[in-house]
Amino acid sequence: MDSPKSNDSTNSGLRDSTSKANDEEQDELCPGFRNADAFVKYGLGAVLSATKASASLPQTGDEDDFYRSFPGFREFCESQGDKLLHCMSQIMQHHGCRSHLRDQSKLTGLEERFDLVVDSNDVILERVGILLDEADGVNRTQQPVLPAGFQPPKIVVSSWNRMVALERSRSETFRLLHAKNVARPQLKFKEKVDNSNTPFIPKIFIKPNATKPLSSYFTNKQIRKQRPEDLDVPAALADLIHQQRTQEHVEDMFAHPYQYELDHFTVPEGLLSKPEPQMYKPISKTKCSFIDSLEDLVALNEKLCKLSEFAVDLEHHNYRSFLGLTCLMQISTREEDFIVDTIELRSELYILNEAFTDPAIVKVFHGADSDIDWLQRDLGLYVVNLFDTHQASRALNLARHSLDHLLKHFCTVDTDKRYQLADWRIRPLPEEMVQYARTDTHYLPYIYDCVRAQLLDFNHGQPGLLQSVWNKSRDISLKKYVKPIFTEESYLELQRKQKRSLNTQQLTAFRLLFAWRDKLARQEDESTGFTLPTHMMNKISEELPREPQGIIACCNPVPPLVRQQVNELHLLVQQAREMPLLKVRRWLEPMFLPEVTMFGPHDTSRVSESDLHHCSRDGKLDTHARSPLYLGF
Ligand code: AMP
Ligand code: ZN
Ligand code: MN
């Protein structure tokens, strides 16, 4: 970042006048900034303009190709690109990260460079976390400062990595707030989260709008409600019951419950003709209801069932949960906005399947890929007749395909995605977050009209292009949620990305730590990133500390679960140290894999069967029990 002094006066509001007396200057945090606040505000402004500028670059593909056909443009891009890479390399070096971004001979692919950047971001953000923790410790006695006008609830907004420089409150003070105090919503879930290393089974037991009835596997309550582990029967018998059920229903269990309906879905004729866009109501004149009771949810469903379209979006949390949690559902009709508490109503939301799977009602989403997964995983909800405005934007070849851009383009509404990464588990939901959430769906019904009209115009009134958007949207709603499954090779996938050459001991440590992390994260229902961030796992594997204290020293700040289990971790590292020491180079590249030349091609004496055996990734029924990696636990 340039020093603000070299910039024009537009920044002067963000920093102190440079004409201050010398003695005052000595108190400055760094030249031109009186304190951290001023520096942060300036920094955020710079980041924001850089992000905006980069987002408005020509998109890869035709647009970029076209611009690049002009030599002047190409040269400019290359020199700027070089400058940027140089700058990034310097930042990365400063933080002690690998930084061969510009070294074409060492790294070839974009993907590899991207990995480098991701790694460095991890390191830098971790450091930010440490410093915030330190600052937090120092200021423990102070009350947190919240955005002005914000009544602090008992729990506070987390997420230090979101932008806090509000347009309208530039001068107000913020303190970055931690998620430490948010109660774990999982604790009050009626149905326990299933983190077991087994494939996902749909959470559905009634199927509204069915043309093909739901398999008896789901409708029979006995079967559905009682997981074998909950039955009061000996383990062996439970296994047998489980096996039998699995054999009988295996196909139904893993099928998409609405596969048949979606395969036979045709867009209602009327929706393929040109609509007259129906203007949205101003947000300020629109009623917004927070739905957190069963009664209100039922009423909402009834309302939705009478409509011809409504818009949906979800907010999600994935740091303090293994699989992630759907925290909020926003629904907008042409008349009203609704914010549904999907934590409180998690077990009841299946009710909405009546509207969500009604083929006569269009459900408008923007970029529904993840939403479709989350709806299935947490709420047992499916969508029949989805219209994804992100797909429409692509088909229209708009400059950018983000919701921000559509809002700007069609509604001349400026939004900022400041709360996108907020901790959505927080309750009661601060008013600002409610306001943010509703803008994600409020304008979508109108955008849906606009893009339909344009898709038809674009294609000279022929419905082909519009139909293709509906087809793409249907493909998205056909997606099935896939649970992360641990296999003996999972660690290889991650290790391959690291591009570090490890010796046998280090690699063994990495494998053991990876298995430890996966198991503990599932058990404690935490993300793997919370349990043990990858860069710390790398550090431990590289250094192979001899003492538990050395493990602690590799982690800063020390993740709570690492501290708790440092002795177990130490045993794993010791186990790794007992491996014969050999360099392992590049064998992790896929083409080297079949040989697994970990110990040299002539020595397979110490390669366990599990190392050599590469079962197919589809063998998802593999459980921990079969994995030698887990035998030690
Ligand atoms: P959205 O569809 O933009 O409302 O995003 C839905 C959820 O996706 C958010 O609540 C976040 O949990 C997650 N999310 C969105 N954008 C990002 C991002 N850039 N990085 C990480 N998570 C994101
Ligand atoms: Zn979304
Ligand atoms: Mn959203």
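The name given to the protein chain in an unreviewed UniProt entry is Exosome complex component 10, and the organism recorded there is Cyclopterus lumpus. Quoted verbatim from the Sequence similarities (unreviewed entry) field of the UniProt record, the comment on the protein chain reads "Belongs to the exosome component 10/RRP6 family."

Protein-derived coordination of the manganese ion (ligand 3) comes from Asp313 (OD), Glu315 (OE) and Asp440 (OD), at a distance range of 1.9 to 2.1 Å. Donor residues for the manganese ion (ligand 3) sit on one chain with the sequence pattern D-x1-E-x124-D. Judged by its relative accessible area of 6%, glutamate 315 falls in the buried class. In this structure aspartate 440 comes out as buried when scored by relative accessible area, which is 6%.

Moving on: the packing of aromatic side chains. Evaluation of the coordinates by the stated rule reveals 19 aromatic pairs. Relative to tyrosine 443, the ring of tyrosine 280 has its centre 4.7 Å away and its plane inclined at 85°; by these criteria the two rings are edge-to-face. Of this pair, tyrosine 280 sits in the loop between α9 (259–263) and β1 (287–291) while tyrosine 443 sits in the loop between α15 (431–442) and α16 (444–458); the two residues are 163 residues apart in sequence, bridging distant segments of the chain. Its guanidinium or amino end placed over the ring of phenylalanine 530, arginine 320 lies 3.9 Å from that ring's centre, counting from NZ or CZ. Against the face of tyrosine 448 rests arginine 452, its NZ or CZ located 3.9 Å from the ring centre.

Applying the stated criterion to the full structure yields 5 cavities of 30 Å³ or more. The space that makes up the largest cavity amounts to roughly 210 Å³. Forming the boundary of the largest cavity are 16 residues, of which Asp194, Phe200, Lys203, Leu323 and Arg377 lie nearest the centre. Residues that form the lining of the largest cavity fall into these classes: 6 nonpolar, 1 polar and 9 charged.

With that settled, consider the nonpolar core. Formed by 43 residues in total, the largest nonpolar core has its most connected members in Phe387, Phe410, Cys411, Tyr443, Ile447, Leu455 and Trp470. Elements supplying a minimum of two residues to this core: α6 (216–219), β5 (362–365), α14 (403–411), α16 and α17 (464–477). For this core, the two domains that each supply at least three residues are domain 1 (216–254) and domain 2 (268–477). Setting aside residues up to four positions removed in sequence, tyrosine 443 forms contacts with Tyr280, Ile283, Leu407, Cys411 and Val413.

For the rest of this paragraph, the subject is the sheet that holds β5. Ordered by their spatial adjacency, 6 strands build an open sheet running β1-β4-β3-β2-β5-β6, and the pairing between neighbours is mixed. The two strands at the open ends of the sheet, each matched to only one other strand, are β1 and β6 (386–388). Each neighbouring strand pair of the sheet contributes to a mean axis angle of 25°, computed without reference to strand direction. As paired elements, β1 and strand β4 (residues 336–341) share 5 bridges and run parallel to each other. Bridging from a neighbouring strand, phenylalanine 290 pairs with isoleucine 339 of β4. On the sheet, helix α10 (residues 294–305) packs against β1, β2 (309–317), β3 (325–332) and β4 and is oriented at approximately 140° with respect to β4. Along the sheet, α15 contacts β1, β2, β3 and β4; its crossing angle with β3, the most-contacted strand, is approximately 60°.

The next subject is the pattern of salt bridges. A full pass over the atoms with the stated rule returns 22 salt bridges. Note that arginine 320 and glutamate 526 form a salt bridge whose closest N and O atoms lie 2.7 Å from each other. One end of the pair, arginine 320, is in the loop between β2 and β3; the other, glutamate 526, is in the loop between α19 (504–524) and α20 (528–531), with 206 residues separating them in the sequence. Here glutamate 526 falls in the buried class, since its relative accessible area comes to 6%. Aspartate 373 is the salt-bridge partner of lysine 479, the closest N and O atoms lying 3.5 Å from each other. Placement of the pair is lysine 479 in the loop between α17 and α18 (490–498) and aspartate 373 in helix α12 (residues 369–379), with a sequence separation of 106 residues. Lysine 479 sits in the partly exposed class, given a relative accessible area of 27%. Judged by its relative accessible area of 17%, aspartate 373 falls in the buried class. Among the charged side chains, a salt-bridge network with shared partners connects Glu309, Arg334, Asp449 and Arg452.

Here we take up the site of ligand 1. Every residue lining ligand 1 is accounted for by Asp313, Leu314, Glu315, His316, Trp374, Lys417, Gln420, Leu421, Trp424 and Asp440. Contacts to ligand 1 include histidine 316, whose backbone N or O atom sits 2.8 Å from an oxygen atom. Between glutamine 420 and ligand 1, the recorded distance is 2.7 Å, taken from a side-chain N or O atom to an oxygen atom. Ranked by residues supplied to the shell around ligand 1, first place goes to β2 with 4 residues. Of the residues that constitute the shell around ligand 1, the class distribution is 4 nonpolar, 2 polar and 4 charged.

Cut-off values and rules
Residues numbered from 1 in each chain as written. Chains lettered and ligands numbered in written order. Predicted model: local features only at pLDDT ≥ 70, side-chain atom pairs only at ≥ 80, totals over all residues. Heavy atoms only, no water. UniProt positions renumbered as here; feature names shortened; annotations may be inferred. Donors = N, O, S within 2.8 Å, 3.2 Å for Na, K, Ca; no water. Buried < 20%, exposed > 50% of the residue type's maximum accessible area, 1.4 Å probe, protein only. Phe/Tyr/Trp six-rings, centres within 6.5 Å; stacked < 30°, edge-to-face > 60°. Helix = DSSP H or I, 4+ residues; strand = E, 2+ residues; numbered from the N terminus. Lys NZ or Arg CZ within 6 Å of the ring centre and 35° of its normal. 1 Å grid on protein atoms, 1.4 Å probe; cavity = no way out; pocket = protein on both sides within 12 Å on 5 of 7 lines; lining within 4 Å. Points joined across faces, edges and corners; volume = space filled by probe spheres on them. Nonpolar A, V, L, I, M, F, W, Y, C, P; charged D, E, K, R; others polar. Core = buried A, V, L, I, M, F, W, Y, C linked by side-chain atoms within 4.5 Å. Domains from an automatic or database assignment. Contact = heavy atoms within 4.5 Å. Pairing = 2+ DSSP bridges. Axes fitted to C-alpha atoms, helices over the stretch in contact; angles between N-to-C directions. Salt bridge = Lys/Arg side-chain N within 4 Å of Asp/Glu carboxyl O. Near = heavy atom within 4 Å. Polar contact = N/O pair within 3.5 Å; in protein donor to acceptor, adjacent residues only side chain to side chain.

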